[in-house]
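Below, each chain spelled out in residue letters.
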Amino acid sequence: MENRLIRTLQDRIIGGVCGGLARYLNIEVVLVRLFFVVFTLVGGIGPLVYIILWIIVPSEEQVSGAGAQPYSVDGEVIKERAENFKDEFVEMVNRPNKKTGLYIGSALILIGAYIFLKNLNIPWLAWVNNNVILAGLVIIAGVALLVVSIRRGK
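Below you will find a few notes about this structure.

Reading the values: the criteria
Residues numbered from 1 in each chain as written. Predicted model: local features only at pLDDT ≥ 70, side-chain atom pairs only at ≥ 80, totals over all residues. Heavy atoms only, no water. Helix = DSSP H or I, 4+ residues; strand = E, 2+ residues; numbered from the N terminus. Buried < 20%, exposed > 50% of the residue type's maximum accessible area, 1.4 Å probe, protein only. Expected span 1.5 Å × (residues − 1). Axes fitted to C-alpha atoms, helices over the stretch in contact; angles between N-to-C directions. Parallel < 35°, antiparallel > 145°, perpendicular 65-115°, else oblique. Left-handed = near helix turned anticlockwise from the far one by under 90°. Contact = heavy atoms within 4.5 Å. Nonpolar A, V, L, I, M, F, W, Y, C, P; charged D, E, K, R; others polar. Patch = residues over 30% accessible without salt bridge, like charges linked within 9 Å, V, L, I, M, F, W, Y side chains within 5 Å. Areas by Shrake-Rupley, 256 points an atom, 1.4 Å probe, with all protein chains shown as cover. Salt bridge = Lys/Arg side-chain N within 4 Å of Asp/Glu carboxyl O. Phe/Tyr/Trp six-rings, centres within 6.5 Å; stacked < 30°, edge-to-face > 60°. Core = buried A, V, L, I, M, F, W, Y, C linked by side-chain atoms within 4.5 Å.

Considerations on the overall build of the chain
Part 1 of the reasoning: Scanning the chain for helices and strands turns up seven helices and zero strands.
Part 2 of the reasoning: Listed N to C, the secondary structure of the chain is α-α-α-α-α-α-α in terms of helices and strands.
Part 3 of the reasoning: Residues counted as buried form 28% of the 154 residues belonging to the chain.

So, helix 6 (residues 98–119)
Part 1 of the reasoning: Counted at 1.5 Å a residue, the expected span for helix 6 with its 22 residues is 32 Å, and the 33 Å between its end C-alpha atoms agrees.
Part 2 of the reasoning: Of the residues trailing helix 6, Asn-121 is marked for its positive phi of about 55°.

Comments concerning the packing of helix 3 (residues 46–56) against helix 5 (residues 75–94)
Part 1 of the reasoning: Two numbers describe how helix 3 lies on helix 5: the axes approach to 8 Å, and their chain directions differ by 115°. Between helix 3 and helix 5, the interaxial angle falls into the category roughly perpendicular. Taken as a pair, helix 3 and helix 5 cross one another with a handedness that is right-handed. Between helix 3, through Ile-51, Trp-54, Ile-55 and Ile-56, and helix 5, the contact on the second element is made entirely by Ile-78, Arg-81, Ala-82, Phe-85, Glu-88, Phe-89 and Met-92.
Part 2 of the reasoning: Here the residues of the contact of helix 3 with helix 5 sort into nine nonpolar, no polar and two charged.

Section: a nonpolar patch on the surface
Part 1 of the reasoning: On the surface, Phe-39, Ile-45, Leu-48, Val-49 and Ile-52 cluster together into a nonpolar patch covering about 430 Å² of accessible area.
Part 2 of the reasoning: It is helix 3 that provides the largest number of residues to the nonpolar patch, a total of three residues.
Part 3 of the reasoning: When you line up the elements, Ile-52 lands in helix 3.
Part 4 of the reasoning: For Ile-52, a relative accessible area of 41% corresponds to the partly exposed category.

Description of the pattern of salt bridges
Part 1 of the reasoning: Within the structure shown, the criterion is met by one salt bridge.
Part 2 of the reasoning: One salt bridge in this structure joins Arg-23 and Glu-60, with 2.8 Å as the shortest N-O distance. Highlighted residues: Arg-23 in helix 1 (residues 17–25) and Glu-60 in helix 4 (residues 60–64), separated in sequence by 37 residues.
Part 3 of the reasoning: On the basis of relative accessibility, which here comes to 19%, the residue Glu-60 falls in the buried class.

Considering the packing of aromatic side chains
Part 1 of the reasoning: Evaluation of the coordinates by the stated rule reveals two aromatic pairs.
Part 2 of the reasoning: On the numbers, 5.4 Å between centres and 80° between planes, the contact of Phe-36 with Tyr-50 is edge-to-face. Here Tyr-50 lies in helix 3 and Phe-36 lies in helix 2 (residues 29–43), a separation of 14 residues in the sequence. Considered together, Phe-36 and Tyr-50 belong to a single accessibility category, that of buried residues.
Part 3 of the reasoning: A network of ring pairs unites the aromatic residues Phe-36, Tyr-50 and Trp-54 as a single cluster.

Overview of the nonpolar core
Part 1 of the reasoning: Residues Val-17, Cys-18, Leu-21, Val-32, Phe-36, Tyr-50 and Trp-54 are the most contacted members of the largest nonpolar core, which totals 15 residues.
Part 2 of the reasoning: The set of elements that each furnish at least two residues to this core consists of helix 1, helix 2, helix 3 and helix 5.
Part 3 of the reasoning: Top contributing element to this core by residue count: helix 1, with four residues.
Part 4 of the reasoning: Excluding residues that lie within four positions of it along the chain, Tyr-50 makes contacts with Ile-14, Gly-15, Gly-16, Val-17, Cys-18 and Phe-36.

The structure is reproduced here in structure tokens:
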């Protein structure tokens, strides 16, 4: 079977984009999600790329379901997927994945802890700023990617 980029249903937290990218690239889905977080923090481009991929990349249902669409990207297909985007988003909000709360809750706790500690004005925490956190996230993502690649190579 050929390796095609599709949005997954199994690894779906929001739209299945990260799960599909992870399956296509043969890497852990957590790494793809981490890269989207980094892209969001670097320039705010993460959510835009995610939404574009959500519209352009077909879901498993569209490729293999009852209403299977051809695996192509032309104007009509993109227009139809863009129209379906709203329905998929509303469905995702109404029936979220079980892990969604875990991920969003963890992110909110980390962001809240950072803001809280920053506002305490503790002198020995003065070195912690957005650039240090961003650099740390990029390093962690790179190390995680290397570890996964080395483990798969064995």
